[in-house]
Amino acid sequence: MGARFRTSSPLAASADFRRQIEDLRPYLLRYASLQLRDAAAAEDAVQEGLLAALAGEANFAGRSNLRTWLTGILKHKIVDAIRRQSRERTAAELEPGSDAKEFDGLFDRRGHWEESPDAWEQPEGALGQKQFLAALEACLRALPERTARAFMMREHLGLETSEICKELQITPTHCWVMLHRARMALRLCLQTNWFEK
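What comes next is a walk through the structure. Since we're looking at a predicted model, the values are computed, not measured.

### Looking at the overall build of the protein
Summing up its helical and strand segments, the protein has 11 helices and 0 strands in all. Counting over 197 residues, the protein shows a buried share of 37%. Pairs at least 24 apart in sequence give 72% of the contacts found in the protein among residues at least 6 apart. With the model as given, the accessible surface of the protein reaches about 12,300 Å², and the carbon-plus-sulfur share is 52%.

### Comments concerning helix 11 (residues 172–195)
Note that an α-helix has 3.6 residues per turn; residues three or four places apart therefore point the same way. Counted at 1.5 Å a residue, the expected span for helix 11 with its 24 residues is 34 Å, and the 32 Å between its end C-alpha atoms agrees. Listing the buried residues of helix 11 in full gives Cys175, Met178, Leu179, Arg181, Ala182, Met184, Leu186, Cys189, Leu190, Gln191 and Trp194.

### Examining the packing of helix 3 (residues 25–36) against helix 9 (residues 145–155)
Where helix 3 contacts helix 9, the axes come no closer than 8 Å and their chain directions differ by 130°. Classified by the angle between their axes, helix 3 and helix 9 sit oblique to one another. Contacts between helix 3 and helix 9 involve Leu34, Gln35 and Leu36 on the former and, on the latter, Arg149, Met152 and Met153. Residue composition of the contact of helix 3 with helix 9, grouped by class: 4 nonpolar, 1 polar and 1 charged.

### With respect to the state of the cysteines
Applying the stated criterion to the full structure yields 1 disulfide. Each sulfur in the disulfide pair Cys139 and Cys189 lies 2.0 Å from the other. Taking the torsion about the S-S bond as the criterion, the Cys139 to Cys189 disulfide, at about -80°, is left-handed. With Cys139 in helix 8 (residues 130–142) and Cys189 in helix 11, this pair connects stretches of sequence that are 50 residues apart. The class for Cys139 is buried, based on a relative accessible area of 2%. Between Cys165, a cysteine without a disulfide, and Cys175, which holds the nearest cysteine sulfur, the sulfur-to-sulfur distance is 4.3 Å.

### Some words on the pattern of salt bridges
Applying the stated criterion across every chain yields a total of 8 salt bridges. For the salt bridge of Glu137 with Arg141, the shortest nitrogen-to-oxygen distance reads 3.5 Å. With Glu137 and Arg141 both in helix 8, this residue pair falls 4 residues apart, about one helical turn. We classify Glu137 as buried; its relative accessible area is 12%. Judged by its relative accessible area of 53%, Arg141 falls in the exposed class. Across the salt bridge formed by Glu155 and Arg183, the nearest N and O atoms sit 2.7 Å from each other. Separated by 28 residues along the polypeptide, Glu155 in helix 9 and Arg183 in helix 11 bring together distant segments of the chain. Under the relative-accessibility criterion, Arg183 is labelled partly exposed at 39%. Among the charged side chains, a network of salt bridges with common partners joins Asp16, Arg19 and Asp23.

### Things to note about the nonpolar core
Among the nonpolar cores identified, the biggest contains 48 residues, and Leu66, Trp69, Leu70, Leu74, Ile78 and Leu157 are the most heavily contacted of them. When contributions to this core are tallied by element, the ones reaching two or more residues are helix 2 (10–23), helix 3, helix 4 (39–55), helix 5 (66–88), helix 8, helix 9, helix 10 (161–168) and helix 11. Looking at which element gives the most residues to this core, the answer is helix 5, with 9 residues. Apart from residues lying up to four places away in sequence, Trp69 is in contact with Phe17, Ala53, Gly56, Phe60 and Ser64.

What counts, and at which threshold
- Residues numbered from 1 in each chain as written.
- Predicted model: local features only at pLDDT ≥ 70, side-chain atom pairs only at ≥ 80, totals over all residues.
- Heavy atoms only, no water.
- Helix = DSSP H or I, 4+ residues; strand = E, 2+ residues; numbered from the N terminus.
- Buried < 20%, exposed > 50% of the residue type's maximum accessible area, 1.4 Å probe, protein only.
- Contact = heavy atoms within 4.5 Å.
- Areas by Shrake-Rupley, 256 points an atom, 1.4 Å probe, with all protein chains shown as cover.
- Expected span 1.5 Å × (residues − 1).
- Axes fitted to C-alpha atoms, helices over the stretch in contact; angles between N-to-C directions.
- Parallel < 35°, antiparallel > 145°, perpendicular 65-115°, else oblique.
- Nonpolar A, V, L, I, M, F, W, Y, C, P; charged D, E, K, R; others polar.
- Disulfide = S-S within 2.5 Å.
- Salt bridge = Lys/Arg side-chain N within 4 Å of Asp/Glu carboxyl O.
- Core = buried A, V, L, I, M, F, W, Y, C linked by side-chain atoms within 4.5 Å.

This is the structure we're talking about:
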């Protein structure tokens, strides 16, 4: 345990641990903001996650990266926040009817593309660029809230469809439609705002 922090006293190790997790706070806040789309809820989730990390400092054995460990704790806090929001959601706040008409014009009557999307060249290289990540975050923010939440729960939190359905109180079919819409909207947004620039 002493090798983890390279300090001589437990008090110094604790102070170093606190400094390290506080240094990761901006990353965690950004991550939570993308998931929750509410600055106050994101701040609360990060705060709860950091408090849990401080309380569980002894459980961090250094087997993983500190950032990975903190992100794992934060994921649980985000899921808890989503559960709270789902329970507190009123009928007026539910996502309005279908926005499928936006995508209907992209396909012919047989379901084939009217115009094939442009090929994305070297997406692995683009993904690593800060500008691409900024464009992706902007596209995620442009999605309807519940659609974005379903997408983030699936792709970032790694939840199964059944878990997403339970949290958002939707059917598996509705979940699939929401995920499909999210992927289509992200593709169009990124093609327009990133790949065509």
